[in-house]
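# Understanding the architecture of this molecule
Below are the chains, spelled out letter by letter.
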Amino acid sequence: MASSPCGDGNFDCGLQIQTRSVEQTLIPLVSQITTLINHKDKLKKTEKTLRAVQRVGQAVSVAVGRFVAVGEAIAAENEDLKDEMGLACFEARRAGTAIAQLTDVSSLEQCEGDGRSTVFSDRTGMVKAARMLLSSVTKVLVLADCIVIKQIISSRNKVLVTLEQLERVSTFQEFVQIFSQFGNEMVEFAHLTGDRQNDLKDEKKRARMAAARAVLEKCTMMLLTASKTCLRHPDCESARINKEAVFQRMRLALEQVIEIVTDTRSGGEARALPVSIYAGIKDFKVKVEGLRDSLYCVSCEAVAALLEALMEKTEDFTDSAYTSHEQRETIIQLCQITRQETKQLINTWRHAQSLKAKEATDEMELSILKTCQSVSDLRRELHRVAVGRATELLKLHSDHLVLQALKASGGDGNLEAVADYAGTLNEHKEQLVETCRLLCHISGTEPLEITCIHAEETFRVIGPQIISAAQTLALHPTSKIAKENLDVFCEAWESQLCDIAILLKEINDVFEGRRGDKKTYLSLPRPGEQTTIAKLGLELCLLTSDVDSEVERWDEQDHEMVRLCQIISSMAYSMYLFTRGEGLLKTTLDLFHQAEVRQHSFSLIGFLIESVRSAIKSNESPGKDGSIYY
């Protein structure tokens, strides 16, 4: 479906069910109707049978009545869907009534004596009514689903408007006010898209949604610090570049969410994943093993072309500067064996065709087994190389020495040292980008491929952002906000490394046949209780920003109120990091202990913020030149 899913004339409601909730709603109805129409033609009409048929028919009729009432209420509240929804509800009610009449067979005499059409005498009528009911109910459900899509689009539009306002602000006070609104809108958007992600049937769409929402989650904090840095240092080019990159990435992620929920692309073309080696091997083996069923289902040339495309993709491994000589030689040798076995298969295949054979010969069966084994050996070696490379890199970067050096150099105002370490970070970025590309080749499922692509894009983008943030700090080494900004981008890099470790485990689980049910580790907020925790976490983050913004206005930084505010701000930020699985708080008990220790201070947050604001308005804490500054 390429057209808009929100009720235009081209919408075919009966052809595409994208969500689990719609599908699960239909299952009981399908089961009941199947019971009614799949009875035996010469079923013995006992009183017990008749009562059972009538009960099922009445249950369907009552359920349809309730369902239609909800649909009509939805139609009344949504003018643009009113006509379509009204028609679908009318058809559903009519079909439900027809089924109730056909199953009204409470007694044997009534069933046989009054000449009415019943489920026993008019099977065609029953099938027709059932089809109409399923079609109309499906249409009502899909139209109702359109309302959810419209809510997500509306929420996205509100976020975009506020995002544009944030990008144009010129004063810090205006920024704090608009960012608070932006945070509330992002919480709403996260809630709507989280529900949608969990409801999507398509695993690829769920993975893409998780990736886009992970970008939005992390970029929200980046946007806060990057914007504050720009406001504090408006003439700093590196700060401007840093900020613009965050805004651009958020817009792209918002657009991707809408592409997923509407099943369209802004350019009108479907997004195609790059073909991985795993997918190529899978397709190749299907074609080869399919020769057992038919020698003529595919051409020899097509199989040979598939093999060469597969061999070409292995060059991502053999051409890599980080692949050892021994690994490169092993891969090349396995590729050569696969070519030889495939060539032998094609020869025996052509010979069987020349004999007009109707099925694979014994010689051909042996070639099929050898070809499949050789390509499986190749896959196993590529998996070993990619996972080994990723594991080594994670160990290498576990101490985050380059990030620490960038922070230290920036804090010292040493631009030359920042440039040197920036070169090292670029090298690390390229290694990680290439490793993610290799992991994508062997990931084993399309959702994991999408996660690998997301990780590759993340490292590609965050690397330069860390460098621009470090350059800003080096130019303004005493700036607290510039330091905080660099910390946030470094945390995002470290967080992505943690995601790679989780991704590695899932890739290994798939490879070894231990695939679990967990597929949404990039998703925020999580279902259930953690949804509330995640929303509160973002609100704590906004509270931290609000407190810090007011405190930084005070000239007397050793004031007791300032000290207390800083303690509260630190606690709130720790709790925010906990909701993301980061920071010093590792368990729920840690969180409760933190809350208990600071309970009295936390109750003063609102009072302190208002007190500080009031003091500023009355000029009680002026700067050294008598002005209020930030």
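Residues numbered from 1 in each chain as written. Predicted model: local features only at pLDDT ≥ 70, side-chain atom pairs only at ≥ 80, totals over all residues. Heavy atoms only, no water.

Take the overall build of the chain next. Counting its secondary structure elements, the chain contains 22 helices and zero strands. Classification of the 630 residues of the chain by burial places 48% in the buried group. Counting contacts in the chain only where the partners sit at least 6 residues apart, residues at least 24 apart contribute 77% of the total. When the accessible area of the chain is evaluated, it comes to approximately 30600 Å², of which 52% is carbon and sulfur surface. (Helix = DSSP H or I, 4+ residues; strand = E, 2+ residues; numbered from the N terminus. Buried < 20%, exposed > 50% of the residue type's maximum accessible area, 1.4 Å probe, protein only. Contact = heavy atoms within 4.5 Å. Areas by Shrake-Rupley, 256 points an atom, 1.4 Å probe, with all protein chains shown as cover.)

The next subject is the pattern of salt bridges. For the structure shown, the criterion picks out 26 salt bridges. Between Asp145 and Arg196 there is a salt bridge, and its shortest N-O distance comes to 2.6 Å. Here the residue Asp145 occupies a position in helix H5 (residues 123–168), and Arg196 occupies one in helix H6 (residues 172–199), the gap between them amounting to 51 residues. Of the two residues examined, Asp145 and Arg196, each falls in the buried class. Among the ionic pairs, Asp263 bridges to Lys205, the shortest N-O distance being 3.1 Å. Here Lys205 lies in helix H7 (residues 203–232) and Asp263 lies in the loop between helix H8 (237–262) and helix H9 (277–289), a separation of 58 residues in the sequence. Note on Asp263: relative accessible area 24%, which makes it partly exposed. For Lys205, a relative accessible area of 14% translates into the label buried. Here the salt bridges share partners, and the residues they tie into one network are Glu237, Arg240 and Glu244. (Salt bridge = Lys/Arg side-chain N within 4 Å of Asp/Glu carboxyl O.)

Moving on, we come to the packing of H6 against H7. Following both chains from N to C, one finds H6 and H7 inclined at 175°, their axes separated by 11 Å at the closest point. Put simply, H6 runs roughly antiparallel to H7. Residues Phe172, Phe175, Phe179, Phe182, Met186, Phe189, Ala190, Thr193, Gly194, Arg196 and Gln197 of H6 form the contact with H7, whose own contacting residues are Arg206, Met209, Ala210, Arg213, Leu216, Thr220, Leu223, Leu224, Ser227, Lys228 and Leu231. Within the contact of H6 with H7, the residues separate by chemical class into 13 nonpolar, five polar and four charged. (Axes fitted to C-alpha atoms, helices over the stretch in contact; angles between N-to-C directions. Parallel < 35°, antiparallel > 145°, perpendicular 65-115°, else oblique. Nonpolar A, V, L, I, M, F, W, Y, C, P; charged D, E, K, R; others polar.)

A few words now on the packing of helix H10 (residues 300–313) against helix H12 (residues 325–354). To describe two helices that pack against each other, one gives the angle between their axes and the distance between the axes. Here H10 crosses H12 at 175°, and the two axes come no closer than 10 Å. Our classification of the angle between H10 and H12 gives roughly antiparallel. Note on element contacts: H12 touches H10 through Cys335, Thr338, Arg339, Thr342, Ile346, Trp349, Arg350 and Gln353, opposite Cys300, Glu301, Val303, Ala304, Leu307, Glu308 and Met311. Its residues assigned to classes, the contact of H10 with H12 shows eight nonpolar, three polar and four charged.

In a disulfide, the sulfur atoms of two cysteines are covalently bonded to one another. Evaluation of the coordinates by the stated rule reveals zero disulfides. Here Cys440 stays unpaired: no disulfide links it, and the sulfur of Cys452, its closest cysteine neighbor, is 5.4 Å away. (Disulfide = S-S within 2.5 Å.)

With that out of the way, let us pick up the packing of aromatic side chains. Within the structure shown, the criterion is met by four aromatic pairs. With a centroid separation of 6.4 Å and 40° between ring planes, the pair formed by Phe172 and Phe175 is classed as tilted. Residue Phe172 and its partner Phe175 are both found in helix H6; the two are separated by three residues, about one turn of the helix. Residue Phe172 shares its accessibility class with Phe175, and that shared class is buried. Residues Phe179 and Phe182 carry aromatic rings whose centres are separated by 5.8 Å and whose planes lie at 40° to one another, so their mutual orientation is tilted. Of the two residues, Phe179 and Phe182 are both situated in helix H6; the distance of three residues between them amounts to about one turn of the helix. Taken together, Phe172, Phe175, Phe179 and Phe182 form an aromatic cluster joined through their ring pairs. (Phe/Tyr/Trp six-rings, centres within 6.5 Å; stacked < 30°, edge-to-face > 60°.)

The next point concerns the environment of Ser135. Within the secondary structure layout, Ser135 lies in helix H5. For the pair Ser135 and Ala95, spaced 40 residues apart in sequence, the C-alpha to C-alpha distance is 9.9 Å.

Time to look at the side chain of His441. Within the secondary structure, His441 sits in helix H15 (residues 415–442). Polar side-chain contacts of His441 include one of 3.1 Å to the backbone nitrogen of Ile277. Not counting the four nearest positions on each side in its chain, His441 is found in contact with Val275, Ser276, Ile277, Tyr278, Lys313, Asp316 and Phe317. (Polar contact = N/O pair within 3.5 Å; in protein donor to acceptor, adjacent residues only side chain to side chain.)

Bringing the confidence of the model for the chain into the picture now. Mean pLDDT over the chain works out to 79, with 72% of the residues at or above the 70 mark. In this model residues 1–15 is a low-confidence stretch, pLDDT under 50, and it forms 31 contacts with partners more than four residues away in sequence or in other chains. Ignoring residues within four places in sequence, the model shows residues 615–630, a span with pLDDT below 50, making 29 contacts including any to other chains. (pLDDT = per-residue confidence, 0-100.)

Turning our eyes to something else, we now look at the side chain of Thr314. Within the secondary structure, Thr314 sits in the loop between H10 and helix H11 (315–318). Excluding residues within four positions of it along the chain, Thr314 makes contact with Ile277, Ile331, Cys335, Leu378 and Leu382.

We now examine a negative patch on the surface. A surface patch of like charges, here negative, comprises Glu312, Glu315, Asp316 and Asp319. By the secondary structure assignment, Glu315 is in helix H11. (Patch = residues over 30% accessible without salt bridge, like charges linked within 9 Å, V, L, I, M, F, W, Y side chains within 5 Å. Lys, Arg positive; Asp, Glu negative; His and termini not counted. Charge placed at Lys NZ, Arg CZ, Asp CG, Glu CD.)

Looking now at unusual backbone geometry. A positive phi angle, close to 60°, is found at Lys356, a residue other than glycine. Locating Lys356 in the fold gives a position in the loop between H12 and helix H13 (362–396). Lys356 sits in the exposed class, given a relative accessible area of 67%. Of note, the phi angle at His400 is positive, near 55°, even though the residue is not glycine. Among the structural elements, His400 can be located in the loop between H13 and helix H14 (401–411). The exposure class of His400 is partly exposed, given its relative accessible area of 21%.

Before going further, it helps to spend a moment on the environment of Ala408. On the secondary structure map, Ala408 appears in helix H14. Owing to a relative accessible area of 43%, Ala408 belongs among the partly exposed residues under this scheme.

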